[in-house]
Amino acid sequence: MSSSPAHPEKVRQLVYRFIRPYGWQALGALLALIFTAGITLSLGQGLRILVDQGFATGSPAMLNQSLALFGILVLGLAAGTFSRFYLVSWIGERVVTDIRQQVFNHLINLHPAFFADNRGLEIQSRLTADTTVLQSVLGSTLSIALRNLLMLIGGIILLFVTNAKLTAIVMLAIPLVLVPILFFGRRVRRLSRLSQDRVADVGSYVGEILGEIKTVQAYNHQPVDQQAFGKVSEQAFAVARQRIAQRAWLTAIVILLVLGAIGIMLWVGGMDVIAGRISAGELAAFVFYSLIVGVSAGALSEVIGELQRAAGASSRIIELLQSPQAISSPAQPTRLPPRVDGRIALQDITFAYAGREQQPAIVDVSLQIEPGETLALVGPSGAGKSTLFDLLLRFYDPQHGSITLEGIDLRQLDLAALRRSFALVAQQPGLFHGSIADNIRYGKPEASDAEVTAAAQAAYADEFIQRLPQGYATPLGDGGQGLSGGQKQRLAIARALLTDAPVLLLDEATSALDAQSENLIQQALPKLMQGRTTLVIAHRLATVRDADRIAVIDQGRLIGIGTHQSLLQDNALYARLAALQFNDRDQHPDTVETEHDRHNR
Ligand SMILES: Nc1ncnc2c1ncn2[C@@H]1O[C@H](COP(=O)(O)OP(=O)(O)OP(=O)(O)O)[C@@H](O)[C@H]1O
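Residues numbered from 1 in each chain as written. Predicted model: local features only at pLDDT ≥ 70, side-chain atom pairs only at ≥ 80, totals over all residues.

### A few points about the site of the ligand
What surrounds the ligand is the set A116, Y353, R356, A361, G379, S381, G382, A383, G384, K385, S386 and T387. By residue class, the composition of the shell around the ligand is four nonpolar, six polar and two charged. (Near = placed C-beta within 6 Å. Nonpolar A, V, L, I, M, F, W, Y, C, P; charged D, E, K, R; others polar.)

### Thoughts on the packing of helix 8 (residues 222-274) against helix 9 (residues 280-322)
At a minimum axis distance of 9 Å, the contact between helix 8 and helix 9 shows a crossing angle of 170°. Put simply, helix 8 runs roughly antiparallel to helix 9. Counted together, R247, L250, T251, V254, I255, V258, L259, I262, M265, L266, G269 and V273 of helix 8 and A280, L283, F286, V287, S290, G294, A297, G298, S301, E302 and G305 of helix 9 form the full contact between these two elements. Tallied by class, residues from the contact of helix 8 with helix 9 come to 14 nonpolar, seven polar and two charged. (Axes fitted to C-alpha atoms, helices over the stretch in contact; angles between N-to-C directions. Helix = DSSP H or I, 4+ residues; strand = E, 2+ residues; numbered from the N terminus. Parallel < 35°, antiparallel > 145°, perpendicular 65-115°, else oblique. Contact = placed C-beta atoms within 7 Å.)

### What to know about the packing of helix 3 (residues 60-108) against helix 9
Where helix 3 contacts helix 9, the two axes come as close as 9 Å, and the packing angle between them is 40°. In terms of axis orientation, helix 3 runs oblique to helix 9. Between helix 3 and helix 9 lies a crossing whose hand is left-handed. Packed against helix 3, whose contacting residues are I99, Q102, V103, H106 and L107, the element helix 9 presents I317, L320 and L321 at the interface. Of the residues that constitute the contact of helix 3 with helix 9, the class distribution is six nonpolar, two polar and no charged. (Left-handed = near helix turned anticlockwise from the far one by under 90°.)

### Description of the environment of S204
Here S204 shows up in helix 6 (residues 164-211). Distance in space between the C-alpha atoms of S204 and L121 is 4.7 Å, their sequence separation being 83 residues. In this structure S204 touches R119, L121, E122 and S125, once residues within four positions along its chain are discounted.

### Quick word on helix 9
For helix 9, with 43 residues, the first-to-last C-alpha span of 60 Å sits near the 63 Å given by 1.5 Å per residue. By the criterion of burial, helix 9 is predominantly enclosed, with 32 of the 43 residues buried. (Expected span 1.5 Å × (residues − 1). Buried ≥ 20, exposed ≤ 12 C-beta atoms within 10 Å, placed from the backbone.)

### Re the domain arrangement of the chain
Domain boundaries assigned for the chain yield domain 1 (8-322) and domain 2 (338-421 + 537-601). Of note, the centres of domain 1 and domain 2, computed from C-alpha atoms alone, are 59 Å apart. (Domains from an automatic or database assignment.)

### Some details on the sheet that holds strand 5 (residues 408-409)
Two orientations exist for strands paired in a sheet by backbone hydrogen bonds: parallel and antiparallel. Spatially, the four strands line up as an open sheet ordered 2-1-4-5, and their pairing is antiparallel. Whereas interior strands pair on both sides, the edge strands pair on one side only; in this sheet they are strand 2 (362-369) and strand 5. Strand direction decides the pairing type here: strand 1 (residues 344-351) and strand 4 (residues 400-405), joined by five bridges, are antiparallel. If you follow Q347 over to strand 4, its bridge partner there is S402. Taken strand by strand, helix 10 (residues 385-392) contacts strand 1, strand 2 and strand 4, and its axis lies near 115° from that of strand 1. (Pairing = 2+ DSSP bridges.)

### Topic: the sheet that holds strand 6 (residues 422-425)
On the basis of which strands lie adjacent, the open sheet formed by six strands has the order 6-9-10-3-11-12 and mixed pairing. In this open sheet, the two strands that pair with only one neighbour each are strand 6 and strand 12 (557-562). Direction aside, neighbouring strands of the sheet carry axes that sit 20° apart on average. By the bridge criterion, four bridges tie strand 6 to strand 9 (residues 503-507) in an arrangement that is parallel. Pairing of V425 across the sheet is with L506, part of strand 9. Together, strand 3 (374-378), strand 6, strand 9, strand 10 (533-537) and strand 11 (549-554) form the strand contacts of helix 10, whose direction differs from that of strand 9 by roughly 150°. Contacting strand 3, strand 11 and strand 12, helix 19 (residues 572-580) crosses the sheet at an angle of about 100° to strand 11.

### Let's talk about the pairing of strand 10
Burial runs high along strand 10: five of the five residues are buried. Side chains of strand 10 alternate between two faces, with T533, L535 and I537 and T534 and V536 buried alike. In terms of strand pairing, strand 3 meets strand 10 through four bridges, oriented parallel. Directly across from A376, in strand 10, lies its bridge partner V536. Sheet analysis places strand 9 next to strand 10, joined by five bridges and oriented parallel. The partner of D507 across the bridge, within strand 10, is I537.

In structure tokens form, the structure reads like this:
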């Protein structure tokens, strides 16, 4: 993704789009802001009256009256400040929560290729770190900025009212102040964006290392990682340092200019009081206002840097929100028949991954799969078998040709309806943090406990689950940590059984499961395949032999289709694969005593 700062117009659109639903709260916050600014500014008039009439006339009654008025104003100020703070912070938190949710909703539906181009962990940082920046800005900085802006404008107006001549001096200083704000502000924004990028680098680095901590430690890779991490975080620091240096300059210059102007003005005003041209109360009020103007200008210059930082963060969020959906449901989807039998046809499919256009992963594949049929896909590693599954689930669209389900092109179907027709058992079981029962229920959250247990029993998983200390409630770590490879596979099968989809996509695990688990899985499969159309990427002879037909894939091409016997005879690649790849022990599955057998004995 590019590092160009966001167009301010886009940032404004983003803020507007998300604040609009909370118009009443925003109006309330604005009124509270105006109210409190009004009171603060009127304190200056109170001060003038107090000095000129209370002190100057020496009347205690007048002093009492003035103080009573002051008390009321202060009470109003407290109440107004409460509402302002509460409402503005509320809007900030609310809007950021909405933005997070929308970004997440958008991301979770994006086509998988998007995540191949953009690092998942980097995106994660945008969702957390960037929205946190926005949160602090919208929740407090924006309120500070608005309050100070109002005070600045109100203060200047009252300065004019109090004494126009002195105010002219303040006005002269304003363009002087604006120049550095504009100059440094732009730099701060660019650096903020860079800084957030670097912070994201740090986040993704840690995420990746922690995800593979065993590999890191097994290869004693820690010193290398420590050094590399040091480099990444030092880069983040270097950019942050540049950013704060710019902000420090900005703040210092503005304070110097503003307070300098106030100093000059005080001198001129002092001369006027000495000469009797204005009253002491007037000068007191004037000083009060000029301090307000000075302090607000200083505060503004400081928070403008912060606002620029938010603009940097927003630009990264906007990019995410605007990343186009390459795969989505059509506007008018064709409905699938009420009963999907799993009739699938691939017609002249050619597909290449982005950036590998010269080497298509699937070339000219045509294939008919009949309802209820079990079709095994075999072929060497990298032949394109998993890619075929991805095309069926419409994670990608082929560049050429069409795939139909029940005679309807996949691109015409509602995505959710299409994917409901498939149950996927991937090579990596794809489990999540949560209980075992949650993981089995994944595709059918409303399933009853009895259904979960039945699915687990059919997948030969019930027995090991029952033996765990907390049974079905046993919590699993990230990615299903806490189970063996074979146990994870059986959970994945139970999950697929429970969703009860008409088409089963099964990618057999190639990892060396021990003979027992493999056998249990082998026993669970027929139940899974029963009455469904099944496509199985087969690595075991038993699966291959049980299949109705076998499709041999090599370098993305379909080079043979038939039964085990026929292919053994007339497909050289298949004969070679059969000799090499399919494990011998698969030929005698019945000789291995399974966990289940032992239990039943
Ligand atoms: N996300 C991707 N981006 C680019 N190329 C990819 C991607 N995924 C797979 N490929 C390439 O596409 C080809 C087919 O891969 P695929 O995963 O479908 O093979 P496979 O037959 O399932 O292999 P295996 O049996 O080893 O899992 C390979 O050459 C692979 O390098």
